[in-house]
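As a plain string of letters, each chain reads:
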Amino acid sequence: MQQKASGGNPSPSARPAAGERTGRRESIYPHRSVRALPMSSVRLTAGVGLALLITVWSVWNAVPIMETHSQVAAAIAGWAGLPINGWTPIGIFPGLEPASGPQLAIPSFQEVSEGARLALVFSIIALLLLAQRFSLFRNVANFLIVILIASAVANAVFDNFRLQSTAFGQIWLRQEMLVWLILPWVLILLFVIPQPSVWRGLGWVVFLQAYGFFFSALRMVFVLGVLHYTGLLFMPPLWFLLGTLSDLLFILFFYSLAIHRSSGDLWGVRETWQSHF
(Lines give C-alpha, C1' and ligand atoms only; values in the text may rest on other atoms or scores of the structure.)
Protein backbone atom coordinates (compact mmCIF):
# COMPACT_ATOMS: atom_id res chain seq x y z
CA MET A 1 0.00 0.00 0.00
CA GLN A 2 1.43 3.37 -1.05
CA GLN A 3 2.16 5.89 1.64
CA LYS A 4 1.12 9.51 1.39
CA ALA A 5 3.69 12.27 1.71
CA SER A 6 3.62 14.69 4.60
CA GLY A 7 0.80 17.22 4.59
CA GLY A 8 -1.74 14.72 3.25
CA ASN A 9 -0.53 14.95 -0.39
CA PRO A 10 -0.11 11.76 -2.39
CA SER A 11 3.38 10.53 -3.08
CA PRO A 12 4.89 11.23 -6.51
CA SER A 13 4.30 7.63 -7.54
CA ALA A 14 0.57 8.00 -6.77
CA ARG A 15 0.12 11.20 -8.79
CA PRO A 16 -1.18 10.94 -12.36
CA ALA A 17 1.39 11.27 -15.08
CA ALA A 18 1.48 14.36 -17.25
CA GLY A 19 -1.34 14.33 -19.79
CA GLU A 20 -3.43 11.78 -17.85
CA ARG A 21 -6.90 12.66 -16.55
CA THR A 22 -7.62 12.27 -12.86
CA GLY A 23 -11.19 11.22 -13.48
CA ARG A 24 -14.03 11.17 -15.97
CA ARG A 25 -16.63 13.95 -15.88
CA GLU A 26 -20.19 13.18 -16.84
CA SER A 27 -20.46 16.40 -18.86
CA ILE A 28 -18.27 19.10 -20.35
CA TYR A 29 -18.28 22.47 -18.64
CA PRO A 30 -19.86 25.22 -20.76
CA HIS A 31 -17.42 27.74 -22.13
CA ARG A 32 -16.87 30.70 -19.84
CA SER A 33 -18.29 33.08 -22.46
CA VAL A 34 -21.73 31.48 -22.07
CA ARG A 35 -21.74 30.25 -18.46
CA ALA A 36 -23.60 33.33 -17.21
CA LEU A 37 -26.26 33.24 -19.93
CA PRO A 38 -29.71 32.56 -18.46
CA MET A 39 -30.43 29.39 -20.44
CA SER A 40 -33.76 27.71 -19.78
CA SER A 41 -36.34 25.65 -21.62
CA VAL A 42 -38.95 28.36 -21.06
CA ARG A 43 -36.74 30.98 -22.71
CA LEU A 44 -35.95 28.72 -25.66
CA THR A 45 -39.59 27.73 -26.11
CA ALA A 46 -40.73 31.35 -26.02
CA GLY A 47 -38.11 32.38 -28.60
CA VAL A 48 -38.87 29.52 -30.99
CA GLY A 49 -42.61 30.11 -30.58
CA LEU A 50 -42.27 33.81 -31.44
CA ALA A 51 -40.01 33.10 -34.44
CA LEU A 52 -42.45 30.50 -35.73
CA LEU A 53 -45.37 32.87 -35.23
CA ILE A 54 -43.63 35.69 -37.13
CA THR A 55 -42.63 33.36 -39.97
CA VAL A 56 -46.11 31.88 -40.39
CA TRP A 57 -47.71 35.32 -40.16
CA SER A 58 -45.27 36.72 -42.76
CA VAL A 59 -45.99 33.91 -45.22
CA TRP A 60 -49.75 34.12 -44.69
CA ASN A 61 -49.77 37.91 -45.11
CA ALA A 62 -46.97 38.17 -47.67
CA VAL A 63 -49.03 40.12 -50.22
CA PRO A 64 -50.33 42.74 -47.72
CA ILE A 65 -46.82 43.07 -46.24
CA MET A 66 -45.26 43.75 -49.64
CA GLU A 67 -48.09 46.13 -50.51
CA THR A 68 -47.46 48.03 -47.28
CA HIS A 69 -43.77 48.09 -48.16
CA SER A 70 -44.63 49.70 -51.51
CA GLN A 71 -46.88 52.25 -49.81
CA VAL A 72 -44.14 53.20 -47.37
CA ALA A 73 -41.63 53.46 -50.23
CA ALA A 74 -44.08 55.61 -52.21
CA ALA A 75 -44.52 57.95 -49.24
CA ILE A 76 -40.74 58.29 -48.80
CA ALA A 77 -40.27 58.85 -52.54
CA GLY A 78 -42.96 61.54 -52.52
CA TRP A 79 -41.32 63.26 -49.57
CA ALA A 80 -37.93 63.11 -51.35
CA GLY A 81 -39.37 64.43 -54.61
CA LEU A 82 -38.55 61.30 -56.61
CA PRO A 83 -40.74 61.27 -59.77
CA ILE A 84 -42.25 57.78 -59.57
CA ASN A 85 -45.00 57.52 -62.18
CA GLY A 86 -46.87 54.69 -60.49
CA TRP A 87 -46.68 51.12 -59.23
CA THR A 88 -47.31 48.05 -61.37
CA PRO A 89 -47.96 44.42 -60.28
CA ILE A 90 -44.90 42.17 -60.29
CA GLY A 91 -44.34 38.53 -59.37
CA ILE A 92 -42.14 37.59 -56.43
CA PHE A 93 -42.39 33.88 -55.60
CA PRO A 94 -45.11 31.36 -56.57
CA GLY A 95 -47.81 31.72 -53.95
CA LEU A 96 -46.33 34.99 -52.64
CA GLU A 97 -47.57 37.45 -55.25
CA PRO A 98 -48.42 39.85 -56.64
CA ALA A 99 -46.43 42.76 -55.29
CA SER A 100 -45.99 46.29 -56.64
CA GLY A 101 -42.94 47.57 -58.52
CA PRO A 102 -42.10 51.24 -59.08
CA GLN A 103 -42.31 52.86 -62.50
CA LEU A 104 -39.31 55.18 -62.73
CA ALA A 105 -37.01 56.13 -65.59
CA ILE A 106 -33.50 54.71 -65.25
CA PRO A 107 -31.26 56.07 -68.05
CA SER A 108 -28.74 54.05 -70.01
CA PHE A 109 -25.05 55.00 -70.06
CA GLN A 110 -25.55 57.04 -73.25
CA GLU A 111 -28.23 59.13 -71.53
CA VAL A 112 -26.54 59.88 -68.21
CA SER A 113 -25.26 63.40 -67.68
CA GLU A 114 -21.63 64.46 -67.62
CA GLY A 115 -22.10 65.28 -63.95
CA ALA A 116 -22.87 61.63 -63.18
CA ARG A 117 -19.75 60.48 -65.01
CA LEU A 118 -17.62 63.03 -63.19
CA ALA A 119 -19.18 61.90 -59.90
CA LEU A 120 -17.86 58.40 -60.61
CA VAL A 121 -14.33 59.75 -61.17
CA PHE A 122 -14.49 61.91 -58.05
CA SER A 123 -15.75 58.93 -56.03
CA ILE A 124 -12.73 56.87 -57.05
CA ILE A 125 -10.39 59.74 -56.15
CA ALA A 126 -12.09 60.18 -52.77
CA LEU A 127 -11.79 56.48 -52.03
CA LEU A 128 -8.09 56.57 -52.91
CA LEU A 129 -7.55 59.45 -50.49
CA LEU A 130 -9.50 57.70 -47.75
CA ALA A 131 -7.52 54.51 -48.27
CA GLN A 132 -4.28 56.45 -47.81
CA ARG A 133 -5.56 58.33 -44.78
CA PHE A 134 -7.29 55.48 -42.90
CA SER A 135 -5.55 52.10 -43.01
CA LEU A 136 -8.56 50.36 -41.43
CA PHE A 137 -10.70 51.45 -44.38
CA ARG A 138 -8.12 50.49 -47.02
CA ASN A 139 -9.39 47.04 -48.00
CA VAL A 140 -13.00 48.17 -48.30
CA ALA A 141 -11.97 51.26 -50.28
CA ASN A 142 -9.86 49.20 -52.67
CA PHE A 143 -12.75 46.79 -53.21
CA LEU A 144 -15.15 49.65 -53.94
CA ILE A 145 -12.65 51.18 -56.37
CA VAL A 146 -12.40 47.86 -58.23
CA ILE A 147 -16.16 47.46 -58.62
CA LEU A 148 -16.57 51.12 -59.62
CA ILE A 149 -13.98 50.70 -62.37
CA ALA A 150 -15.62 47.43 -63.45
CA SER A 151 -18.99 49.20 -63.52
CA ALA A 152 -17.61 52.00 -65.67
CA VAL A 153 -16.11 49.52 -68.15
CA ALA A 154 -19.30 47.45 -68.31
CA ASN A 155 -21.44 50.54 -68.87
CA ALA A 156 -19.12 51.78 -71.60
CA VAL A 157 -19.23 48.42 -73.40
CA PHE A 158 -23.00 47.88 -73.01
CA ASP A 159 -23.96 51.54 -73.31
CA ASN A 160 -27.48 50.77 -74.58
CA PHE A 161 -28.43 48.46 -71.70
CA ARG A 162 -31.33 49.72 -69.64
CA LEU A 163 -32.56 48.34 -66.31
CA GLN A 164 -36.29 48.51 -65.78
CA SER A 165 -37.30 49.89 -62.40
CA THR A 166 -39.94 47.19 -62.02
CA ALA A 167 -37.24 44.52 -62.45
CA PHE A 168 -35.19 46.23 -59.76
CA GLY A 169 -38.21 46.29 -57.45
CA GLN A 170 -38.81 42.60 -58.10
CA ILE A 171 -35.20 41.68 -57.27
CA TRP A 172 -35.28 43.87 -54.15
CA LEU A 173 -38.49 42.38 -52.77
CA ARG A 174 -37.35 38.82 -53.48
CA GLN A 175 -34.21 39.44 -51.47
CA GLU A 176 -35.95 41.23 -48.61
CA MET A 177 -38.78 38.71 -48.37
CA LEU A 178 -36.22 35.98 -47.75
CA VAL A 179 -34.53 38.17 -45.14
CA TRP A 180 -37.84 38.78 -43.33
CA LEU A 181 -38.50 35.03 -43.19
CA ILE A 182 -35.04 34.13 -41.88
CA LEU A 183 -34.59 37.14 -39.61
CA PRO A 184 -36.67 36.02 -36.58
CA TRP A 185 -34.71 32.75 -36.29
CA VAL A 186 -31.42 34.65 -36.26
CA LEU A 187 -32.75 37.18 -33.77
CA ILE A 188 -33.77 34.61 -31.15
CA LEU A 189 -30.17 33.36 -31.05
CA LEU A 190 -28.74 36.86 -30.72
CA PHE A 191 -31.33 38.64 -28.59
CA VAL A 192 -33.52 36.18 -26.69
CA ILE A 193 -30.88 33.84 -25.26
CA PRO A 194 -28.32 36.46 -24.06
CA GLN A 195 -30.92 38.76 -22.47
CA PRO A 196 -31.43 38.58 -18.69
CA SER A 197 -35.12 39.32 -19.27
CA VAL A 198 -36.95 37.05 -21.68
CA TRP A 199 -39.54 39.74 -22.34
CA ARG A 200 -36.85 42.22 -23.26
CA GLY A 201 -35.37 39.71 -25.70
CA LEU A 202 -38.75 39.05 -27.31
CA GLY A 203 -39.26 42.80 -27.56
CA TRP A 204 -35.95 43.14 -29.41
CA VAL A 205 -37.08 40.50 -31.92
CA VAL A 206 -40.36 42.30 -32.67
CA PHE A 207 -38.69 45.71 -32.84
CA LEU A 208 -35.94 44.59 -35.23
CA GLN A 209 -38.40 42.78 -37.47
CA ALA A 210 -40.37 46.02 -37.85
CA TYR A 211 -37.19 48.11 -38.16
CA GLY A 212 -35.87 45.89 -40.95
CA PHE A 213 -39.14 46.37 -42.84
CA PHE A 214 -39.04 50.18 -42.78
CA PHE A 215 -35.27 50.31 -43.28
CA SER A 216 -35.73 48.21 -46.43
CA ALA A 217 -38.20 50.71 -47.89
CA LEU A 218 -35.85 53.61 -47.12
CA ARG A 219 -32.87 51.92 -48.76
CA MET A 220 -34.91 50.91 -51.79
CA VAL A 221 -36.01 54.50 -52.43
CA PHE A 222 -32.46 55.81 -51.99
CA VAL A 223 -31.06 53.33 -54.51
CA LEU A 224 -33.86 54.14 -56.96
CA GLY A 225 -33.07 57.83 -56.64
CA VAL A 226 -29.39 57.29 -57.41
CA LEU A 227 -30.25 55.05 -60.37
CA HIS A 228 -32.69 57.64 -61.71
CA TYR A 229 -30.01 60.35 -61.85
CA THR A 230 -26.84 58.37 -62.57
CA GLY A 231 -28.01 55.25 -64.38
CA LEU A 232 -26.19 52.02 -63.54
CA LEU A 233 -22.79 53.61 -62.85
CA PHE A 234 -23.13 53.21 -59.06
CA MET A 235 -25.27 50.09 -59.08
CA PRO A 236 -22.56 47.56 -57.94
CA PRO A 237 -21.38 49.52 -54.86
CA LEU A 238 -24.96 50.46 -53.98
CA TRP A 239 -26.04 46.83 -54.07
CA PHE A 240 -22.99 45.79 -52.07
CA LEU A 241 -23.41 48.46 -49.37
CA LEU A 242 -27.20 48.77 -49.18
CA GLY A 243 -28.26 45.23 -50.01
CA THR A 244 -28.07 42.27 -47.64
CA LEU A 245 -24.94 43.73 -46.03
CA SER A 246 -27.04 46.56 -44.58
CA ASP A 247 -29.40 44.03 -43.02
CA LEU A 248 -26.44 42.35 -41.36
CA LEU A 249 -24.95 45.63 -40.16
CA PHE A 250 -28.11 46.94 -38.53
CA ILE A 251 -28.57 43.60 -36.74
CA LEU A 252 -24.98 43.77 -35.43
CA PHE A 253 -25.44 47.41 -34.41
CA PHE A 254 -28.46 46.69 -32.23
CA TYR A 255 -26.87 43.46 -31.02
CA SER A 256 -23.92 45.42 -29.65
CA LEU A 257 -26.30 47.75 -27.83
CA ALA A 258 -28.28 44.85 -26.39
CA ILE A 259 -25.16 42.98 -25.26
CA HIS A 260 -23.73 46.12 -23.64
CA ARG A 261 -26.89 46.56 -21.60
CA SER A 262 -27.16 42.87 -20.77
CA SER A 263 -23.54 42.75 -19.62
CA GLY A 264 -24.22 45.59 -17.21
CA ASP A 265 -27.26 43.75 -15.82
CA LEU A 266 -25.43 40.40 -15.47
CA TRP A 267 -22.02 41.45 -14.17
CA GLY A 268 -22.46 45.10 -13.29
CA VAL A 269 -20.93 48.14 -14.90
CA ARG A 270 -17.24 48.52 -14.17
CA GLU A 271 -16.24 51.65 -12.31
CA THR A 272 -13.54 52.42 -14.84
CA TRP A 273 -16.23 52.80 -17.51
CA GLN A 274 -18.18 55.31 -15.47
CA SER A 275 -17.61 59.02 -15.74
CA HIS A 276 -16.36 60.73 -12.57
CA PHE A 277 -17.47 64.17 -13.70
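Note that the structure is a prediction, hence the values are computed from the model and not measured.

Draft legend 1. Spatial organisation of helix α3 (residues 114-133). Between its terminal C-alpha atoms α3 stretches 29 Å, which fits the 28 Å expected from 20 residues at 1.5 Å a residue. Restricting attention to buried positions, one finds in α3 the residues Ala116, Leu120, Ile124, Leu127 and Ala131. Looking straight down α3, one finds that the buried residues subtend no more than 100° of arc, so they occupy a single side. With respect to the buried face of α3, the exposed residues turned more than 90 degrees away are Glu114, Phe122, Leu129, Gln132 and Arg133. Buried residues along α3 sit against α4 (138-157) and α6 (198-230).

Draft legend 2. Layout of the pattern of salt bridges. Inspection of the entire model under this criterion finds three salt bridges. Between arginine 162 and glutamate 111 there is a salt bridge, with the nearest N and O atoms lying 2.8 Å from each other. Highlighted residues: arginine 162 in the loop between α4 and α5 (165-192) and glutamate 111 in the loop between β2 (99-103) and α3, separated in sequence by 51 residues. The exposure class assigned to glutamate 111 is partly exposed, which follows from its relative accessible area of 46%. For arginine 219, the salt bridge goes to glutamate 176, with nearest N and O atoms at 3.6 Å. You can see arginine 219 sitting in helix α6 and its partner glutamate 176 sitting in helix α5, a full 43 residues away along the chain. Judged by its relative accessible area of 3%, arginine 219 falls in the buried class.

Draft legend 3. Expanded view of the nonpolar core. By size, the foremost hydrophobic cluster in this structure holds 47 residues, and its most contacted members are Phe168, Val223, Leu227, Leu233 and Phe234. The set of elements that each furnish at least two residues to this core consists of α2 (62-80), α3, α4, α5, α6 and α7 (235-242). With eight residues, α6 is the largest single contributor of residues to this core. Mapped onto the domain boundaries, this core takes at least three residues apiece from domain 1 (56-106 + 163-277) and domain 2 (110-162). Grouped together as the second largest cluster of nonpolar side chains are 16 residues, Ile54, Leu202, Ile251 and Phe254 included.

Draft legend 4. Quick look at the environment of leucine 148. Relative to the helices and strands, leucine 148 is located in helix α4. You can call leucine 148 buried: its relative accessible area is 4%. With near-sequence residues (within four places) excluded, leucine 148 lies in contact with Leu120, Ser123, Ile124, Leu127, Leu233, Phe234 and Pro237.

Cut-offs applied
Residues numbered from 1 in each chain as written. Predicted model: local features only at pLDDT ≥ 70, side-chain atom pairs only at ≥ 80, totals over all residues. Heavy atoms only, no water. Helix = DSSP H or I, 4+ residues; strand = E, 2+ residues; numbered from the N terminus. Expected span 1.5 Å × (residues − 1). Buried < 20%, exposed > 50% of the residue type's maximum accessible area, 1.4 Å probe, protein only. Arc of directions from axis to C-beta. Contact = heavy atoms within 4.5 Å. Salt bridge = Lys/Arg side-chain N within 4 Å of Asp/Glu carboxyl O. Core = buried A, V, L, I, M, F, W, Y, C linked by side-chain atoms within 4.5 Å. Domains from an automatic or database assignment.

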